[in-house]
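Structural overview for review
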Amino acid sequence: MNPARALQTVADLGARALSSTPVGDLLDAGMRLAREVTQSDHAVFFERSPGGDALLMRAGIGWRPGIVGRVSLSTGQGSFGRYILQQPTRIVDALPSHPEFGLPAVLREHNVESMACVRLDGIGHPLGVVAVFNVNDGLPSTEHLTFLEALGNILATAILRQVTEEGLLQSQIRLQSVQKMEAIGRLAGGIAHDFNNLVQAIGGYTEILLRQLREDDPLRRNAEEIKKAGDRAAALTRQLLAFSRQQVLQPSLLDVNHIVHHVEQLLARLIGEDVELRTYLSEDLWPVKADAAQLEQVLMNLAVNARDAMKDGGLLTIETANVELTRSVDGEPFVVVAGPYVLLAVTDTGTGMNAETKARAFEPFFTTKPPGQGTGLGLSMVYGIVKQSGGYIWVDSELGAGTRIRIYLPRADEMLLPLEVPAEVEVTPSAAAAHAEAADRHAPSSCSLLLVEDEDGVRELIHEWLSAHDYVVHSAEDGQHALQVAEGIEQLDLLIADVVMPTMGGPALAKRLLQARPDLKVIFVSGYADEAIGDRRMLEDGASFLQKPFTLEELLKKVRAVLDDRRPSRAPGGPH
């Protein structure tokens, strides 16, 4: 080997690498130079697969047509692939009879006898191997090995640069996707809020109308159809709020296994007899803090999607497990907050998704179903609930290979407590008398309510409904006006306030009123929710909340329940 020629070759290849030559072209040029300088019969670059279980012949020269780019070698126990990865450099002769591995068929077909190879190291794992092979008994020299090391360093640097650039590009694409989803979410949440107020008024007045119409009244059917349409509109707004993460969650400590068990029979009926349901639930599962009803909704939505993807039947699997995620998991699509998580995975054997469909899977109103067969909000709702619960959701899918949805919910710091059965309490005559006195005090005719709602139609509807049930109702259109109205009310038992209003919202108003009236009960209502409420402790402390749109019966029950609750009140976000 000519040392001067070898040095010049390395310098020329390095210059090409600095000029941003594509990595594929650089590898091809490197293999030609490796064969020429070492005067070998064959040269090859074996690239390590992402999982490390194989070496792919990515570039090479001297091989018969159709070999390069298609042949891969195993890196399993006792394999040639594992052998060449174990040491940084090797010079080996008598390859066909070597005692530590069986020579791969592609090398036997080319009658190779000896080789020199250099491992290319990346960050944390090898990138691959550069090797030259001879057919005759000529053993490569240490000079050849030194040249291959220099060549390998240039190629490794180029590969790492490409990986870094591709990673940066993917990060930019993912950031744009996240920003797009956030923008859609904000738009959806704003639309849902305004629409909720309209649906609230339509549904409420229809409810009153139905109460006034006889069963045989010809107009009753028209009113019932209006109510059905309003109910469908209300369901759509709930899904939009879920996607935009603006619904109110009422989180509690949960065992995800219990949630799966609770809905298992329902899911079996939902997916039909031609789809088999299997569950693999990990023992000693960590607790999570989430809304139980919403987590059940997640499972039902995923089951419906899976059923629709398995028209001819199939297998639906639900799994749970405790996992530890690092900040950047190998092979995962984005950076996560490192720590302990509970995995909830739903897998089907259906048609799967192509790359375009998978990229848009969580977009609201995106659907692959024919017109009229789905709103396109099922997965959007799942996405919103998971993100609002502090978790991550990933889709693994290929056409013809089914779909796997992985949900990671952060482990709760608190531990689940065993269910306690309250002891029976003996009711004494004095206790019964006290209870009767409280009931009289909270009778509608003796209760004074302050209703604060900035939407005229909703305020008039609630005022009319509660007044019809003998409550004394005072109304105001915002927080500042409510303070003025409250000054003229001697007895005030309950505040019903919208969360988001001009000048002063419900939480700030409640805090002001509770300073002077510590026994005042509070119900918040909103067509927005979580982020708009601001202080999450209001709900976690057990404050009452009604999500618009609600039925008038739900409102009446909530009013009665809150007034009958004799626990002391406290200001929102006040001391625990």
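Read on for a plain summary of the structure. (Residues numbered from 1 in each chain as written. Predicted model: local features only at pLDDT ≥ 70, side-chain atom pairs only at ≥ 80, totals over all residues. Heavy atoms only, no water.)

1. Some points on the pattern of salt bridges
Using the criterion set out here, one finds 15 salt bridges in the structure. Ionic pairing is found between Arg58 and Glu47, a salt bridge with its closest N-O pair at 3.0 Å. Residue Arg58 is located in strand β2 (residues 54-61), and its partner Glu47 is located in strand β1 (residues 42-48); the two are separated by 11 residues in the primary sequence. According to the relative accessible area criterion, Glu47 is partly exposed, its value standing at 22%. Note that Glu553 is salt-bridged to Arg211, the shortest N-O span being 2.3 Å. Of this pair, Glu553 sits in helix α17 (residues 552-564) while Arg211 sits in helix α5 (residues 142-212), placing them 342 residues apart in sequence. (Salt bridge = Lys/Arg side-chain N within 4 Å of Asp/Glu carboxyl O. Helix = DSSP H or I, 4+ residues; strand = E, 2+ residues; numbered from the N terminus. Buried < 20%, exposed > 50% of the residue type's maximum accessible area, 1.4 Å probe, protein only.)

2. Considerations on the sheet that holds strand β6 (residues 126-134)
The strands making up a sheet associate through hydrogen bonds between their backbones, and the pairing can be parallel or antiparallel. Read across the sheet, 6 strands follow the order β3-β2-β1-β6-β5-β4 without closing on themselves; strand pairing throughout is antiparallel. Looking at which strands have only one partner, the edges of the open sheet turn out to be β3 (72-74) and β4 (89-92). Direction aside, the axes of adjacent strands within the sheet are offset by 25° on average. As paired elements, strand β5 (residues 114-121) and β6 share 8 bridges and run antiparallel to each other. Counted as the bridge partner of Ala116 is Val132 from β6. Relative to the sheet, helix α2 (residues 23-38) contacts β1, β2 and β6, its axis offset from that of β2 by approximately 70°. (Pairing = 2+ DSSP bridges. Axes fitted to C-alpha atoms, helices over the stretch in contact; angles between N-to-C directions. Contact = heavy atoms within 4.5 Å.)

3. Focus on the side chain of Glu207
Secondary-structure assignment places Glu207 in helix α5. In this structure Glu207 is buried but unpaired, with Arg211 as the nearest side chain of opposite charge at 4.6 Å. In this view, Glu207 contacts Thr551, Leu552 and Glu553; residues no more than four positions away in its chain are not counted. (Lys, Arg positive; Asp, Glu negative; His and termini not counted.)

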